[in-house]
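Residues per chain are reported as follows:
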Amino acid sequence: MTEKTKLLVQEVLEAHGGAERFRQAKGLASTIVTGGKLWAMKGIDMDRTPRRATTDFHRQWACVGGFGQPDWTMTWTPKHLEITDAEGKLIAERDDGREAFGDRGFDTQWDPLNLAYFNGYAMWTYHALPFLIGEPHYELEAIAPVLLEGRELRGLLVRFPENVHTHTREQRLYFGEDGLLRRHDYSVDVWANATAAHFLSHYVEPRRLQVPVQAERVRQED
């Protein structure tokens, strides 16, 4: 890692509350509202009902309440996912969810467990970034900046460890002059390698960790 990259990583971690505070926290819970036209291409009726997403910072684990039905809960890990009702009765389950996406075409239809796998790793990634860049085995490289609304954002290429389930191994993070994450670019391996960008804003400070409360996802055209 170059000295330029090290300085950027240190600044970013400090701006978000610090690596040690992240390691001391168990995880994060957020209320999410999801929408957009792309879901219909996967055969999913994604309404804007608020749902509760909870993740664990110390392992890849996530659960989402109100998944499919108001009293259903989805629980995800890389090797196993399940949907249960309010009494804990199993509705559906699957092992090795990443292997169940068929041809991974852009408009290939998803079943509820495909969606559960995607939601699980995606929410874990969003909750844990950018703190993950301070953890072992993540490869980091400073890259060219981009402009957002006339302001320069400094760039960082992140290569996730091969055993971490996320959108794709290489992702790009961009930070404002305050050190906060403002843009997150990635492609989606399980969705025809479609490219997307998250624009992050309106930070809050739960337990002195800086967390964005608004994220706008935009699909990037080839």
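Student: How would you summarise the packing of aromatic side chains if you had to cite specific residues and measurements?
Tutor: For any two aromatic rings, the description comes down to two numbers: the centre-to-centre distance and the angle of the planes. If you walk through the whole model with that rule in mind, you get 14 aromatic pairs. Ring centres 5.4 Å apart and planes at 50 degrees place the aromatic pair W110 and F118 in the tilted group. For F118, a relative accessible area of 3% gives the class buried. Among the aromatic side chains, those forming a connected cluster through ring pairs are W39, W76, F101, F106, W110, Y117, F118, Y121 and W191. Cation over ring: R98 sits above Y121, and NZ or CZ is 5.4 Å from the ring centre. The residue whose ring lies beneath R183 is Y174, and the NZ or CZ to ring-centre distance is 5.6 Å.

Student: Mind laying out the pairing of strand 4 (residues 73-76), listing which residues take part and the relevant values?
Tutor: Where burial is concerned, the two faces of strand 4 differ: the one with M74 and W76 is buried and the one with T73 and T75 is not. Bridge count between strand 3 (residues 62-65) and strand 4: four bridges; the pairing is antiparallel. Each residue of the ladder has a partner; that of C63, found in strand 4, is T75. Strand direction decides the pairing type here: strand 4 and strand 5 (residues 80-84), joined by four bridges, are antiparallel. Counted as the bridge partner of T75 is E82 from strand 5. Once strand 4 ends, the chain turns through three residues before running back antiparallel as strand 5.

Student: Requested: an account of the sheet that holds strand 6 (residues 90-95), with residues and values cited.
Tutor: On the basis of which strands lie adjacent, the open sheet formed by six strands has the order 1-2-3-4-5-6 and antiparallel pairing. Where the open sheet ends on each side, the last strands, each with one partner, are strand 1 (27-32) and strand 6. When the angles between neighbouring strand axes are averaged without regard to direction, this sheet yields 10 degrees. Here strand 1 pairs with strand 2 (residues 51-56) via six bridges, running antiparallel. Note that in strand 2 the partner of A29 across the bridge is T54.

Student: Summarise the nonpolar core; cite the residues concerned and give the values.
Tutor: Within the largest apolar cluster, 49 residues are counted, with the highest numbers of intra-cluster contacts made by W110 and I133. Ranked by the residues each element gives to this core, the list is headed by helix 4 (residues 112-128), at ten residues. Ignoring anything within four residues of it in the chain, the contact list for I133 reads V9, V12, L13, L140, L156, V158 and L173. Counting seven residues, the second-largest nonpolar core is a separate cluster that includes F22, F57, F131 and V211.

Student: Kindly report on helix 1 (residues 3-15), identifying the contributing residues and their values.
Tutor: For the α-helix, the turn length of 3.6 residues means that residues three or four positions removed from each other point alike. Relative to the 18 Å expected for 13 residues at 1.5 Å per residue, helix 1 spans 18 Å between its end C-alpha atoms, a close match to the ideal helical length. Here helix 1 has its buried residues at T5, L8, V9, V12 and L13. On an axial view of helix 1, the arc spanned by its buried residues comes to 125 degrees, and they lie on one face. Opposite the packed face of helix 1, turned more than 90 degrees from it, sit the exposed residues E3, K4 and E14. If you follow the buried residues of helix 1, they end up packed against helix 2 (19-24), strand 7 (139-148), strand 8 (151-159) and strand 9 (170-175). After helix 1 finishes, the residue G17 shows a positive phi value of roughly 120 degrees.

Conventions adopted
Residues numbered from 1 in each chain as written. Predicted model: local features only at pLDDT ≥ 70, side-chain atom pairs only at ≥ 80, totals over all residues. Heavy atoms only, no water. Phe/Tyr/Trp six-rings, centres within 6.5 Å; stacked < 30°, edge-to-face > 60°. Buried < 20%, exposed > 50% of the residue type's maximum accessible area, 1.4 Å probe, protein only. Lys NZ or Arg CZ within 6 Å of the ring centre and 35° of its normal. Helix = DSSP H or I, 4+ residues; strand = E, 2+ residues; numbered from the N terminus. Pairing = 2+ DSSP bridges. Axes fitted to C-alpha atoms, helices over the stretch in contact; angles between N-to-C directions. Core = buried A, V, L, I, M, F, W, Y, C linked by side-chain atoms within 4.5 Å. Contact = heavy atoms within 4.5 Å. Expected span 1.5 Å × (residues − 1). Arc of directions from axis to C-beta.

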